[in-house]
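# Coordinates in review
If you want the building blocks of each chain, they are given just below.
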Amino acid sequence: MSSGSHKRSLADLLYGLWFAASFCGCALAAIILACCVPGAQRRRRAMRATSSALFRLAGAAPAVNGAEHLPAGPAVAVANHASYLDGLLLTAVLPESYQFVIKREVTRVPVMHFVLRRVGAHFVDRTASTRAAADLRAILRTAGDGASLAFFPEGTFTAEPGLRPFRSGAFVLAQRCGVPLVPITLQGTRAMLPADQWLPARAPLTVTLHRTVLAQPDGGAPEAMQRCRAAILSVLDEPDLG
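Below or above, wherever it landed, is the structure these notes cover. (Residues numbered from 1 in each chain as written. Predicted model: local features only at pLDDT ≥ 70, side-chain atom pairs only at ≥ 80, totals over all residues. Heavy atoms only, no water.)

## Digging into the nonpolar core
In this structure, Phe19, Leu90, Ile184, Leu186 and Met192 are the most contacted members of the largest nonpolar core, which totals 34 residues. Counting only elements with at least two residues in this core, the list comes to helix H1 (3–36), helix H2 (40–57), strand S2 (76–79), helix H3 (86–93), strand S3 (98–103), strand S6 (181–187) and strand S7 (206–209). Each residue touching isoleucine 184, except ones within four places of it in the same chain, is listed here: Ala77, Val78, Ala79, Asn80, Leu90, Leu94, Val207, Thr208, Leu209, His210 and Ile232. In terms of nonpolar packing, the next biggest core, distinct from the first, is built from 24 residues, Leu140, Leu181, Ala215 and Cys228 among them. (Core = buried A, V, L, I, M, F, W, Y, C linked by side-chain atoms within 4.5 Å. Buried < 20%, exposed > 50% of the residue type's maximum accessible area, 1.4 Å probe, protein only. Helix = DSSP H or I, 4+ residues; strand = E, 2+ residues; numbered from the N terminus. Contact = heavy atoms within 4.5 Å.)

The following block contains the structure:
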């Protein structure tokens, strides 16, 4: 191995360790704030601050494009999913009015479940259709009260690059509530922390918010889903696996 390669490898290791240490510090702050701060929206504001602090500490503050496309009122944000960092990145970028919709398997992780529940996250069962329908009805009630929601419609991620097929829940919900969809492209998180890696690597992060998409009342959810996919893929440097 050349000395240059060795120095790069050492630098990568040190960066990964620094990111991990920064994450631990910010995570501890997030847990304390989730316990102490009154009100779910204030807690979401605190989570936004700790997430932003993490990326700034790591020298990876994201470039944000298209922020003007974010509606002032209720909306449903849908983003591609490539890494464990995606939720943190969206938390750092989206206003505190957005509540995340997350797979129910996360509830098996006690500390994470506690924090997410304290900030008003919603959990959806991806395996049992009866439970999923009940989850969707509960989310519809929340959305009907004027909340904004954020989804990863792929449902999960793998090490393989590409945009996986979307689940329809976010688009049906937006159609039924008559709120716009905001397609969001996340770039760089897979390079920074892929599914098969534990320590992050240095990589530039970009968040692109696209023009809103409205699902028409008369069966427009599938069309809206395709339009959102097309918008996300328009700047995503990964293949379409759907």
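Once you've had a look at it, read on.
## So, the packing of aromatic side chains
Counting across every chain of the model gives three aromatic pairs. Geometrically, the ring pair formed by phenylalanine 166 and phenylalanine 171 is stacked, given 5.9 Å between the ring centres and 15 degrees between the ring planes. Here phenylalanine 166 matches phenylalanine 171 in class, with each residue buried. A cation over a ring is seen here: arginine 229 above phenylalanine 166, with NZ or CZ 4.7 Å from the ring centre. (Phe/Tyr/Trp six-rings, centres within 6.5 Å; stacked < 30°, edge-to-face > 60°. Lys NZ or Arg CZ within 6 Å of the ring centre and 35° of its normal.)

## Looking at the side chain of arginine 229
Structurally, arginine 229 can be placed in helix H8 (residues 221–233). A relative accessible area of 5% means that arginine 229 is categorised as buried.

## Considering the pairing of S2
Alternating positions in S2 separate into two faces, Val76 and Val78 on one and Ala77 and Ala79 on the other, with burial throughout. Two strands pair when backbone bridges link them, and S2 and strand S5 (residues 148–151) are joined in this way by three bridges, in the parallel orientation. Paired with valine 76 across the strands is leucine 149, a residue of S5. Bridge analysis of S2 against S6 gives four bridges, and the strand direction is parallel. If you follow alanine 77 over to S6, its bridge partner there is valine 182. (Pairing = 2+ DSSP bridges.)

## Some thoughts on H2
Think of an α-helix as turning once every 3.6 residues; residues three or four places apart then point the same way. Here H2 contains 18 residues, and its C-alpha end-to-end distance of 25 Å stays within 8% of the 26 Å for a straight helix at 1.5 Å per residue. For H2, the full list of buried residues reads Arg43, Arg44, Ala46, Met47, Thr50, Ser51, Ser52, Leu54 and Phe55. Where H2 terminates, the next one or two residues include glycine 59, which has phi positive at roughly 65 degrees. (Expected span 1.5 Å × (residues − 1).)

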